[in-house]
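Listed below are the residues making up each chain.
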Amino acid sequence: AKERVYSTFISYRVFSEKIHATLLHEVLNNTVTPGGHRVVNYLDSQRLVKGEDWEKGFSQGLLNSLVALPMVSHGYLAPMMELQGSASDPVDNVLKELQCMHALMDPSRKRGRDFPGELEAVYPILIGAPTDPA
């Protein structure tokens, strides 16, 4: 379902944070803030329409979110550490999300408020490495 504005945009890498992102979505979505506002998350697995252009979908989700919550772990960052800055680098969609967040939070953009985008804050959630229970 499309919303006009999302409370949060949950950014994660599927192979390393999917479980964490899903749990965060389940805990936050449809809760009510102390101010009486219903929390509506943008989580791509819940919001993207089958057949929709993924990049356009996540871009619209991020543009229409008040807060971005990148779920940062070793698995989130490791693929970006391999990038060389060349045309042969693989496309990294998580990096694209971070670049969009950075651009939307640029203070020089915010002065005139004559730009698209609702993003007001980015709060990274740090996730440690899995530990051996033994």
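Residues numbered from 1 in each chain as written. Predicted model: local features only at pLDDT ≥ 70, side-chain atom pairs only at ≥ 80, totals over all residues. Heavy atoms only, no water.

Engineer: How should I be thinking about the pairing of strand β3 (residues 65-72) in this particular structure?
Structural biologist: In regular strands, side chains alternate between the two faces of the sheet. Summarising burial for β3: 7 of the 8 residues are buried, a large majority. The pairing of strand β1 (residues 6-11) with β3 spans 5 bridges and is parallel. Across the sheet, the residue bridging to I10 is L69, located in β3. In the sheet, β3 pairs with strand β4 (residues 121-122) via 2 bridges, with the strands oriented parallel. Each bridged residue has a counterpart across the sheet, and for A68 the counterpart in β4 is V122. Taken together, the 2 bridges between β3 and strand β5 (residues 125-126) define a ladder with parallel strand orientation. Across the sheet, residue V72 finds its bridge partner in β5, namely L126. (Buried < 20%, exposed > 50% of the residue type's maximum accessible area, 1.4 Å probe, protein only. Helix = DSSP H or I, 4+ residues; strand = E, 2+ residues; numbered from the N terminus. Pairing = 2+ DSSP bridges.)

Engineer: Would you mind showing me how to read the pattern of salt bridges here?
Structural biologist: Within the structure shown, the criterion is met by 1 salt bridge. Of the charged contacts, one joins D92 and R13 as a salt bridge, the two residues approaching to 3.1 Å between their closest N and O atoms. Here D92, found in the loop between α4 (74-81) and α5 (93-105), pairs with R13, found in the loop between β1 and α1 (14-28); they are 79 residues apart in sequence, far enough to count as distant. For the residue pair D92 and R13, the accessibility class agrees, reading buried in each case. (Salt bridge = Lys/Arg side-chain N within 4 Å of Asp/Glu carboxyl O.)

Engineer: Is there a simple way to explain the environment of L24 in this structure?
Structural biologist: Examined against the element boundaries, L24 turns out to sit in helix α1. For L24 and L43, which are 19 residues apart along the polypeptide, the C-alpha to C-alpha distance reads 9.7 Å.

Engineer: Help me out: how do you make sense of the environment of A68 in this one?
Structural biologist: Looking at where A68 falls in the secondary structure, it is placed in strand β3. Aside from chain neighbours lying at most four places away, what touches A68 is F9, L62, M101, L119, A121, V122 and Y123. (Contact = heavy atoms within 4.5 Å.)

Engineer: Looking at this model, I keep getting lost on the packing of aromatic side chains. Mind explaining?
Structural biologist: The geometry of an aromatic ring pair comes down to the distance between the two centres and the angle between the two planes. Under the criterion given, the structure shown has 2 aromatic pairs. With a centroid separation of 5.2 Å and an interplanar angle of 80°, the aromatic rings of Y6 and Y42 are classed as edge-to-face. Here Y42 lies in strand β2 (residues 41-42) and Y6 lies in strand β1, a separation of 36 residues in the sequence. No difference in accessibility class separates Y6 from Y42, as the two residues are buried. On the basis of an interplanar angle of 10° and a centroid distance of 5.1 Å, the ring pair of F9 and Y42 is categorised as stacked. Residue F9 is located in strand β1, and its partner Y42 is located in strand β2; the two are separated by 33 residues in the primary sequence. Taken together through their ring pairs, the aromatic side chains of Y6, F9 and Y42 make up a single cluster. (Phe/Tyr/Trp six-rings, centres within 6.5 Å; stacked < 30°, edge-to-face > 60°.)

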